[in-house]
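# Coordinates in review
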Amino acid sequence: MATRRPTTMDAGAVRRRNLSAVLELVHLRRGVTRADLTRALGLNRSTIGDLVAVLAENGWVDERDDAPRSGVGRPSPRVLPRDARLVAAINPELDVIDVALVSLGAEIVARRRVPLSEPPTVAATVERAARTVAELAADHPESTVVAAGVAVPGLVRHEDGLVRLAPRLGWREEPLAAPLAAAMGIPVAAANDAHLGCRAEQSFGAGQGARTMLYLNGGPSGIGGGLVVDGRPMDGAAGYAGELGHASVDPNGPLCACGAIGCLEALVPRAALAAAVGLEHPDDDTLESALLTAIVAEDTGGPVHEEVARQLRWLAIALRGAVNLLNPERIVLGGHLAALWRAADRDQRASLLGQALPVNAADATIEVAALGGQRLLIGAAELAWDGLIADPLSAGESDAARADALPVVS
Ligand SMILES: [Zn+2]
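Conventions we followed
Chains are numbered independently. Their residues run from 1 in the order of the written sequence. For this predicted model, a pLDDT threshold of at least 70 governs which residues receive local features, and a threshold of 80 or more governs which side-chain atom pairs are given and counted, while totals over whole chains, interfaces and linings are taken from all residues. To get the side-chain values, take all heavy atoms of the structure and skip hydrogens and water. UniProt positions are given in the numbering used here, feature names are shortened, and annotations may be inferred rather than shown by experiment. Counted as coordinating are nitrogen, oxygen and sulfur atoms within 2.8 Å of the metal, or 3.2 Å for Na, K and Ca, while water is not included, which may make sites look incomplete. Donor angles set the geometry label: tetrahedral for four donors if every angle is between 85 and 135 degrees, square planar for four and octahedral for six if opposite donors exceed 155 degrees and the others are between 65 and 115, irregular for anything else. Inter-axis angles, ranging from 0 to 180 degrees, are taken between N-to-C directions of lines fitted to C-alpha atoms, where helices are fitted over the stretch in contact. Per the convention used, a helix needs a DSSP run of H or I reaching at least four residues, while a strand needs a run of E reaching at least two, with both numbered from the N terminus. The contact definition used throughout considers only heavy atoms, calling two residues in contact when any of these lie within 4.5 Å. All residues other than Ala, Val, Leu, Ile, Met, Phe, Trp, Tyr, Cys, Pro, Asp, Glu, Lys and Arg, Gly among them, are scored as polar; the first ten of these are nonpolar and the last four charged. To estimate the expected span of a helix, subtract one from its residue number and multiply by 1.5 Å. Think of it in three bands: with a 1.4 Å probe and only protein chains considered, a residue is buried below 20% of the maximum accessible area for its type, exposed above 50%, and partly exposed in between. Throughout this description, a polar contact denotes any pair of N or O atoms lying within 3.5 Å of each other; where both atoms belong to protein, one of them has to be capable of donating a hydrogen while the other can accept it, and for residues adjacent in sequence the pair is counted only when both atoms sit in side chains. Annotation comment: domain bounds sourced from an automatic or database domain assignment. Two parts lose some accessible area (1.4 Å probe) when they are put together, and adding that loss for both gives the buried area. Any Lys or Arg side-chain nitrogen located within 4 Å of an Asp or Glu carboxyl oxygen qualifies as a salt bridge.

The chain appears in an unreviewed UniProt entry as Putative NBD/HSP70 family sugar kinase from Microcella alkalica. Under the heading Sequence similarities (unreviewed entry), UniProt records this for the chain: "Belongs to the ROK (NagC/XylR) family."

Given below as structure tokens:
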């Protein structure tokens, strides 16, 4: 019979909220001192000590007395995320299913890119992702995979992870989170990939500290967007906000996969940039280094320069609308849009915001995604951590239930 710990039984709403606040800070800062926690949360030292002890007892954190001494007195013990629990992060794309195990503190501890010969169906995604997570988990027997998050290149309904539309994958009104949860036996949440990339960059990358931010993600399936307003993600009424990839930039342009004419993503495709440097399905890092090498090697006016200039011109038109609407302080570019920015010369960079109203663009800086090729997986992991960080002691109960359900191997 499973015995519940007294701390779990006594946990009230206030205590749960405080435990959650401590764990969230340990996660976001990848470790903090007890003194940091006392300052940041406005709780007294003995309360913090008690909360940290409960989190340690429940397998969430470790304490170490190795903080550097600063000033007089004893150094404050450091509270570090522990990787007894991991979450799975899954990102299906046209040509690959990218899977990782991610620890508290957003460190990727294992990753496998499963190459595909054709865009995956939902059923194939569920089967391949569940199998890959199980294989990666088997390599980490000291940890338990407790939840999963999926970054989907499409429109995903907040409440239940239903994929309303992923045009380039050919998915329409497809349940995804529910069948994955059934296949893996853990809670699964799904959301739009660019929203998750935005969240990852805001929490751990180039968006840290930004109150108003626009994030643009350039992936094999097109261009997605994420917004931060007043320091919080702005996902819209049901989860579909930020689709700047389908902003109209050329009324005489090509037909987009969404059915409209002249969308940004139809005019700024990753595949065209990759083709210009002779690659077919490069990951972000490969594309960026090939592009930078080609730009340096080629004379101005060559085909790579031409494609970069062409894509930047269309991007500037989309940014005109977005910057005038949002008045952002930060614009973060990910994927092939980050590669474009790095390949751009000084004049081209200046021209990206040159069409917006000057006062609307005055406070905006453009940055490339600091998490690089990890941003979508880290964002998907954030989604998976949400429920656990909100109620850290619930994880102990579900661990116990899982242990009861599994056959004991001795
Ligand atoms: Zn479109």
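Okay, back to it.
### Considerations on the coordination of the zinc ion
Protein coordination at the zinc ion comes from His246 (ND1), Cys256 (SG), Cys258 (SG) and Cys263 (SG), with a distance range of 2.0 to 2.3 Å. Relative to the metal, the four donor atoms surrounding the zinc ion lie at angles of 106 to 120°, and the coordination shape comes out tetrahedral.

### Here we look at the packing of helix α2 (residues 13–28) against helix α15 (residues 375–390)
Contact pair α2 / α15: the axes reach a minimum separation of 8 Å and the direction vectors enclose 145°. Along the contact surface, α2 presents Arg16, Ser20, Leu23, Glu24, His27 and Leu28, while α15 presents Glu382, Trp385, Ile389 and Ala390. Classifying every residue of the contact of α2 with α15 gives five nonpolar, two polar and three charged.

### Some remarks on helix α7 (residues 193–204)
In this model, α7 (twelve residues) spans 16 Å end to end at C-alpha, consistent with the 16 Å of a helix rising 1.5 Å per residue. Buried residues dominate α7, accounting for twelve of its twelve residues. Every buried residue of α7 is listed here: Asp193, Ala194, His195, Leu196, Gly197, Cys198, Arg199, Ala200, Glu201, Gln202, Ser203 and Phe204. Two or three places before Ala194, at the start of α7, stands the capping residue Asn192, its side-chain oxygen 2.9 Å from that residue's backbone nitrogen.

### Some thoughts on the domain arrangement of the chain
Accessible area lost on assembly of the parts is the figure often given for the size of an interface. In terms of domain boundaries, the chain breaks down into domain 1 (6–81), domain 2 (85–195 + 374–405) and domain 3 (210–370). Computed over C-alpha atoms, the centres of domain 2 and domain 3 are 27 Å apart. It is Arg168, His195 and Arg375 in domain 2 that bury the most area against domain 3; as a group they hold 37% of the surface buried on that side. Inspection of the domain 2/domain 3 interface yields two salt bridges. Across the salt bridge formed by Asp284 and Arg375, the nearest N and O atoms sit 2.8 Å from each other. On inspection of domain 2 and its partner domain 3, the count reaches twelve residue pairs in polar contact (both at pLDDT 80 or more). Sorting the residues of the side of domain 2 that touches domain 3 by element identifies β8 (155–156), α7 and α15 as the ones contributing at least two each. The element best represented in the side of domain 2 that touches domain 3 is α7, accounting for three residues. Its residues assigned to classes, the side of domain 2 that touches domain 3 shows seven nonpolar, three polar and eight charged.

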